[in-house]
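A look at the structure
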Amino acid sequence: MAKRDYYEVLGVSRGASADDIKRAFRKLAAKFHPDANPGDQEAEERFKEINEAYQVLSDPEKRGRYDQFGQTEGGFAGNGGDFGFGGFTNGFGDIFDMFFGGGAGPGSRRGGPERGMDLRYDLTVTLEEVATGTEKDVRVVREEVCAHCHGNQAEPGTRIETCSDCGGRGEVERISDSFLGRIRRIEACPRCRGTGRHIAQPCKTCAGHGVVRAEKRLTVKVPPGVDESTRLRVQGEGAAGRRGGATGDLIVFMHVAPHDRLRREGDDLWLDLPIGFAQAALGAELSVVGLAQHSETLHVAAATQTGTVFRIAKAGLPRLGSSIRGSLNIRVSVSVPSHLSAKEREVLRMWAEMRGEQVSPEDKGILRKMKDALGR
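The following paragraphs examine the structure supplied in this document.

What counts and what doesn't
- Residues numbered from 1 in each chain as written.
- Predicted model: local features only at pLDDT ≥ 70, side-chain atom pairs only at ≥ 80, totals over all residues.
- Heavy atoms only, no water.
- Core = buried A, V, L, I, M, F, W, Y, C linked by side-chain atoms within 4.5 Å.
- Buried < 20%, exposed > 50% of the residue type's maximum accessible area, 1.4 Å probe, protein only.
- Contact = heavy atoms within 4.5 Å.
- Pairing = 2+ DSSP bridges.
- Helix = DSSP H or I, 4+ residues; strand = E, 2+ residues; numbered from the N terminus.
- Axes fitted to C-alpha atoms, helices over the stretch in contact; angles between N-to-C directions.

1. Quick word on the nonpolar core
Counting 37 residues, the largest nonpolar core has V252, M254, L328 and I330 as its most contacted members. Other than its neighbours up to four places away in sequence, V252 contacts Y121, L123, V220, T230, R231, L232 and V234. One finds L10, A24, Y54 and L57 within the second-largest nonpolar core, a separate group that totals 20 residues.

2. Topic: the sheet that holds strand β15 (residues 328-334)
As summarised here, the arrangement of the four strands in space is β10-β11-β15-β14, forming an open sheet in which the pairing is mixed. Only two strands of the sheet have a single partner each, and these edge strands are β10 (262-265) and β14 (309-312). Recorded for the sheet is a direction-independent mean angle of 30° between the axes of neighbouring strands. Direction of pairing for β14 relative to β15: antiparallel, over a ladder of four bridges. Across the sheet, the residue bridging to I312 is L328, located in β15.

3. Quick notes on the pairing of β10
Relative to strand β11 (residues 268-275), β10 is paired through four bridges, and the arrangement is antiparallel. Bridged to R263 within β11 is W270. What sits between the antiparallel neighbours β10 and β11 is a turn of two residues, in which G266 has the positive phi angle 65°.

Taken by themselves, the reported measurements are silent on function.
Dropping the structure here:
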């Protein structure tokens, strides 16, 4: 079955500029990328079609042949079936480097500047620190530019020569025959590993890598209201780039330690508070300790039942990046004493009699029972 016109695939006109083609590709590729559509076979096939169209239309030479000869069932024609799809048959990694910190797109030299990796750091804070925000000193072990060679990978004072195999391009051409015809593939030069340079004497400090592992101490500012889903990005504090590439970022994954009294639900705090029977029946004003030992006044209404929730507005946690603040929700439970004095038992029996409630008979104890038996 004949393939769709490449311009139609990308949704651009035949007179579209290179920038128009690139913008169209980025938009469609992000939409149909397999990572964004797990298990969707149709989206995967659509992505392959978009990628193939971009490989052709983004290259002036290939685009010119395509405009002149069109395409066949197996690809676009011209030069006796030499399709020249570059590295497309190797997968999608190269083309998506263009989006996520790699090279500059098809035809770029593989040995060009390479952005450093983003690093992850897991940071735990207390609920009190969530309420106010805080600053935390952290220690990160990462790759940094070698101070001895300044990242150029060669021992200072020695020469860096152009690779004789690739002429400094960092790439070599491989041509093979298949049932589709001749396939031309561009691969990283094996001699210089895509750098385009030959280093006779690698740097002794970094062994020619241009980077060394080092420890960095820095301060992370934690804003109020963070939670388990918060990710803080500290720009430029990740791994060093290579060959002049930008430094990556440090991504801080936030965690909140459990509290001994309070429970968090979004911006709200919850507290379970036991109260006495008399307080529940008659009402009371109680002092309740919230976060950071801050005291709040709780008005308990008369005839309060177990499970009643009292809400104190704006006594909860701040919302991240907002002036909104949650509530402190207090769920009360009527506490039954486990030990009663004789006077307390007497009063409760009188109250039960007044209410007409049946209770267990009083256990007088063995000494009292003996006295009653003797009539004393």
